[in-house]
Amino acid sequence: MTQPPVFQQRDQIRKAIRQKRRQLTVAQQQDAAHKLSERVLHHPKVKQAKTIALFLSFDGEIDTAPLITHLWDLNKQVCLPVLHPFHRHHLLFLRYAPTTQLVKNRFNIFEPPLNVNNIIPISDIDIIFTPLVAFDESGQRLGMGGGFYDRTLENWQRQSFYPMGLAHTCQQVHSLPSADWDIPLPEIITPDKVWRFDERLIQRN
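These remarks concern the structure in this document. Please read these numbers as outputs of a predicted model, since none were measured by experiment.

## Comments concerning the overall build of the chain
Link 1 in the chain: Scanning the chain for helices and strands turns up 6 helices and 11 strands.
Link 2 in the chain: Relative to the 2.2 N^0.38 estimate, which gives 17 Å for 205 residues, the radius of gyration of the chain is 16 Å and therefore close to what a compact globule would have.
Link 3 in the chain: Projected onto its principal axes, the C-alpha coordinates of the chain cover approximately 45 × 40 × 40 Å.
Link 4 in the chain: Scored against the burial criterion, the 205 residues of the chain give a buried share of 47%.
Link 5 in the chain: With an accessible surface of roughly 11100 Å², the chain has 51% of that area assigned to carbon and sulfur atoms.
Link 6 in the chain: Charge separation in the chain, taken as the distance between the mean sites of 24 positive and 20 negative side-chain charges, equals 2 Å.

## Brief notes about unusual backbone geometry
Link 1 in the chain: A positive phi is found at Asp59, a non-glycine position, where the angle reads about 60°.
Link 2 in the chain: The residue Asp59 is located in the loop between β1 (51–53) and α4 (65–73) in this model.
Link 3 in the chain: Look at Asn155: it is not a glycine, yet its phi comes out positive at around 55°.
Link 4 in the chain: Counting through the fold element by element, Asn155 comes out in the loop between α5 (148–153) and β9 (162–166).
Link 5 in the chain: Asn155 sits in the partly exposed class, given a relative accessible area of 38%.

## Some points on the environment of Ile183
Link 1 in the chain: Here Ile183 is to be found in the loop between β9 and β10 (187–190).
Link 2 in the chain: Sequence separation between Ile183 and Arg151 is 32 residues, and the spatial gap between their C-alpha atoms is 8.7 Å.
Link 3 in the chain: Setting aside its immediate chain neighbours within four residues, Ile183 contacts Gln140, Arg141, Asp150, Leu153, Glu154 and Trp156.

## Description of the pattern of salt bridges
When the charged atoms of two side chains lie near each other, side chains of opposite charge can form a pair.
Link 1 in the chain: The final tally for this structure, using the stated rule, is 7 salt bridges.
Link 2 in the chain: Among the salt bridges present, the one from Arg14 reaches Asp11, with a minimum N-O distance of 2.9 Å. Here the residue Arg14 and the residue Asp11 both occupy positions in helix α1 (residues 5–22), the gap between them amounting to 3 residues, near one helical turn.
Link 3 in the chain: For Asp11, a relative accessible area of 33% puts it in the partly exposed group.

Definitions and cut-offs
- Once a new chain begins, its residue numbering starts again from 1 and follows that chain's sequence as written.
- Reporting in this predicted model follows two pLDDT cut-offs: at least 70 for local features of residues, and 80 or more for side-chain atom pairs to be given and counted; totals over whole chains, interfaces and linings ignore these cut-offs and use all residues.
- As a rule here, side-chain values come from all non-hydrogen atoms in the structure, and water together with hydrogens is ignored.
- Secondary structure follows DSSP: runs of H or I at least 4 residues long count as helices, runs of E at least 2 residues long count as strands, and numbering of each begins at the N terminus.
- This radius of gyration counts C-alpha atoms alone. The globule rule is 2.2 Å times how many residues there are, raised to the power 0.38.
- Categorising residues by exposure relies on relative accessible area from a 1.4 Å probe, with only protein chains included: less than 20% of the type maximum marks a residue as buried, more than 50% marks it as exposed, and the intermediate range marks it as partly exposed.
- Computed with the Shrake-Rupley method and a 1.4 Å probe, the accessible areas treat only the protein chains shown as cover for residues.
- His is not counted, nor are the chain ends, whereas Lys and Arg count as positive and Asp and Glu as negative.
- The atoms used to mark charge sites are NZ of Lys, CZ of Arg, CG of Asp and CD of Glu.
- By the convention used here, residues are in contact when the closest approach between their heavy atoms is within 4.5 Å.
- By definition, a salt bridge exists where a carboxyl oxygen of Asp or Glu is found within 4 Å of a side-chain nitrogen of Lys or Arg.

Pasting the structure below:
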């Protein structure tokens, strides 16, 4: 069955941007990670937050390891997404400490081992930093296509957490073909800029 044109466009964008990320040199990745960490740590919402959800970088994503280390140094509680064992395409968030032993999930992405004692209810999370493949000038986010974060962020305005995206500068495009289930982000942080898309949402949270 032939895909609708909008899905073909999204797949083409995914392929192109993922290729761009992978072509970044080690030095470029390290420089981007350092600059991103500095920018995130100076964000007012991060300074106020106690519990922050992040992700471990994969497939050329911007490296979050330096940022996580700095957050630990500031005594912030960090949690990571874990694939839900029963609800397909849903995430749980588990506490992540320097001593946490990680395991690979079915996508070969490292995550904490599932332990009910380490689950952090989403109502206890102040900020959820999301990965993304591409973003546009209106805050539309294009993920890998599994819908995990779209489900997590659904109706986030009525939740206690505030979502922000993290990305390389090269992941920005002019406009993305959107789907009904896409959840735009109020802010996306790159190494050289904090993109703010809806001041009403930013002020309200």
